[in-house]
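# A closer look at the structure
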Amino acid sequence: MKLVYVFDAYCGWSHGFSATLLEVVSRHPELTVEVVSGHLFSGERRVPIREFGYVAGANAKIAELTGAEFGKAYERLIAEGSFVMDSEDAARGVAALRQAAPARAAELATTVQHAFYVDGLSLSETATYRKIAEQYGLDADAVAAAFEAPEARAAAAADRFRAAELGVNAFPTLLAVDGDRVAVLAVGKASTDEVEREIAALTASRTS
């Protein structure tokens, strides 16, 4: 069995799920974690953030329910309003980091979200991934090159296909995959204990 985490780096609820994800992963070092990027803001949804009038209210709710932090630099982006979220660029960045350190994919994914939601950094900029790579002791030049390479777009497209293949249309979604069996552990918001109960039930059903 492995965990599959389908998220979007520009999704506030995914940001709110970060603490739960990291705690679940830390409790289960025996489980491989596959991280898949969704494409919440693509095509016609790549517009200035001011056009999403619900953002500030949604963020307040996410912070209330999950304790997630939204930094002042990010809040300035929201207030100014012209920033455009591009999920394909974010997926390329996640793919570049995932390639550099596949065993740390979950941790890196949450750090990408921290870069946007706390530090107010664009996930379309190579410099953002350089900074994260350096933070993790990775080869920053290699990560930057991977982000800019054509293969990153192919990886982003593959992630989009993978999410659809798994039937995921809401972010974040945490799945347990065991061969052909796919079980939903959480969608949107869940505590670590709630996810743990789902994992325990699955494990019991496999051994019964």
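For the structure itself, look to the data block above.
Throughout this description, residue numbers start from 1 for each chain and increase along the sequence as written. At least 70 in pLDDT is required for a residue's local features to be given in this predicted model, at least 80 for side-chain atom pairs to be given and counted, and no such filter applies to totals for whole chains, interfaces and linings, which use all residues. As a rule here, side-chain values cover all heavy atoms of the structure and leave hydrogens and water aside.

## Some remarks on unusual backbone geometry
Peptide bonds are trans in most cases, and residues, glycine excluded, mostly fall at negative phi. For the bond running from Phe171 to Pro172, omega is -5°, close enough to zero to count as cis. Strands are runs of DSSP state E lasting at least 2 residues, helices are runs of H or I lasting at least 4, and numbering of each runs from the N terminus. Turning to its location among the elements, Pro172 is positioned in the loop between helix 8 (150-165) and strand 3 (173-178).

## Here's the deal with the packing of aromatic side chains
What counts as a ring pair is set by centres within 6.5 Å for rings of Phe, Tyr and Trp (its six-membered ring), and what kind of pair is set by the plane angle: stacked under 30 degrees, edge-to-face over 60, tilted for all other angles. A full pass over the atoms with the stated rule returns 13 aromatic pairs. Consider the rings of Tyr5 and Phe17, whose centres lie 5.8 Å apart with planes at 15°: the pair is stacked. On the criterion of sequence distance, the pair formed by Tyr5 in strand 1 (residues 2-7) and Phe17 in helix 1 (residues 12-27) is long-range, its members being 12 residues apart. Here the two residues Tyr5 and Phe17 agree in accessibility, since each one is buried. On the basis of an interplanar angle of 70° and a centroid distance of 4.8 Å, the ring pair of Phe116 and Tyr117 is categorised as edge-to-face. Summarising the burial analysis for this pair, Phe116 and Tyr117 share the class buried. Connected via pairs of aromatic rings, a cluster forms that spans Tyr10, Phe70, Tyr74, Phe83, Phe116 and Tyr117. Partly exposed residues are those whose accessible area sits between 20% and 50% of the maximum for their type, while under 20% is buried and over 50% is exposed, using a 1.4 Å probe and protein chains only.

## What about the pattern of salt bridges?
The term salt bridge refers to a pairing of a side-chain nitrogen on Lys or Arg with a carboxyl oxygen on Asp or Glu at a separation within 4 Å. Within the structure shown, the criterion is met by 13 salt bridges. What you see here is one network of salt bridges that share partners, running through Lys2, Glu34, Arg162 and Glu165.

## Examining the sheet that holds strand 4 (residues 181-187)
Here a strand pair is declared whenever DSSP counts at least two bridges between the two strands. Ordered in space as 2-1-3-4, the 4 strands form an open sheet in which the pairing is mixed. Each end of this open sheet is capped by a strand with a single partner; those strands are strand 2 (33-37) and strand 4. Across the sheet, the mean angle separating the axes of adjacent strands is 25° when strand polarity is ignored. Here 5 bridges tie strand 1 to strand 2, and the two strands are oriented parallel to one another. Counted as the bridge partner of Phe7 is Ser37 from strand 2. Two residues form a contact once any of their heavy atoms are found within 4.5 Å. Think of each axis as a best-fit line through the C-alpha atoms, taken over the contacting stretch in the case of a helix, with angles from 0 to 180 degrees between the N-to-C directions. Running at roughly 35° to strand 2, helix 5 (residues 105-117) makes contact with strand 1 and strand 2 of the sheet. Against the sheet, helix 8 makes contact with strand 1 and strand 2, and its axis sits at roughly 105° relative to strand 2, the strand it touches most.

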